[in-house]
Amino acid sequence: QVQLVESGGGLVQAGGSLRLSCAASQRTSRWFGMGWFRQAPGKEREIVAYVTSIADITYYPASLKGRFTIARDAAKNTVYLQMNSLEPEDTAVYYCAARIEPSGNLVDSTVYDYWGQGTQVTVSS
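First, a word on scope: everything that follows refers to the structure included in this document.

What counts, and at which threshold
- Residues numbered from 1 in each chain as written.
- Predicted model: local features only at pLDDT ≥ 70, side-chain atom pairs only at ≥ 80, totals over all residues.
- Heavy atoms only, no water.
- Core = buried A, V, L, I, M, F, W, Y, C linked by side-chain atoms within 4.5 Å.
- Buried < 20%, exposed > 50% of the residue type's maximum accessible area, 1.4 Å probe, protein only.
- Helix = DSSP H or I, 4+ residues; strand = E, 2+ residues; numbered from the N terminus.
- Phe/Tyr/Trp six-rings, centres within 6.5 Å; stacked < 30°, edge-to-face > 60°.
- Lys NZ or Arg CZ within 6 Å of the ring centre and 35° of its normal.
- Pairing = 2+ DSSP bridges.

1. Brief notes about the nonpolar core
A general feature of soluble globular proteins is that nonpolar side chains tend to end up buried together.
Part 1 of the argument: Judged by nonpolar contacts, the single largest core of 28 residues is most densely connected at Leu4, Trp36, Leu81, Met83 and Tyr94.
Part 2 of the argument: By size, the runner-up hydrophobic cluster in this structure holds seven residues, among which are Ile47, Tyr50, Val111 and Tyr112.

Right, dumping it as structure tokens:
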């Protein structure tokens, strides 16, 4: 059973930065990809970023490009999300997810096989 454990969330002022980590209990190098999603109260879960294991292809929605960066460390089985210039609108629970098989659109949360428990990010104005 794969376990994903997020860490690094917390309270930060607007304009600040946080780095989230997602540690996997198994080797991630053969997985299709890993993603970060977030869900704010009353809103649907949305993609924040993903990275593929082959070629390290990354994706960000246009609204977040330039502020957030996803990176993976295969040796540590860990994926990171660096978040800069945080805004109150970034307040949400952030989830890490893993897709094992090499198929599906990694933007779509339903294709992921495993999820972490989530970590709260709160940005104060």
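Additional details are given in the paragraphs that follow.
2. Describing the side chain of Thr28
Part 1 of the argument: Mapped onto the fold, Thr28 is located in the loop between strand E3 (18–24) and strand E4 (33–39).
Part 2 of the argument: Exposure remark for Thr28: the relative accessible area of 5% places this residue in the buried category.

3. Points about the packing of aromatic side chains
Part 1 of the argument: Counted under the stated rule, the structure contains five aromatic pairs.
Part 2 of the argument: When the centroid spacing of 5.3 Å and the interplanar angle of 15° are considered together, the rings of Tyr50 and Tyr59 count as stacked.
Part 3 of the argument: Looking at Tyr50, the relative accessible area reads 14%, which means it is buried.
Part 4 of the argument: An aromatic cluster is built from Phe37, Tyr95, Tyr112 and Trp115, whose rings are joined through pairwise contacts.
Part 5 of the argument: We note Arg45 situated over the ring of Tyr95; from NZ or CZ to the ring centre the distance is 4.0 Å.

4. Focus on the pairing of strand E1 (residues 4–7)
Part 1 of the argument: Here E1 shows one buried face, formed by Leu4 and Glu6, and one open face, formed by Val5 and Ser7.
Part 2 of the argument: Note: E1 against E3, four bridges, orientation antiparallel. Bridge pairing in E3 places Val5 opposite Ala23.

The quantities given are spatial measurements derived from coordinates; they are silent on function.
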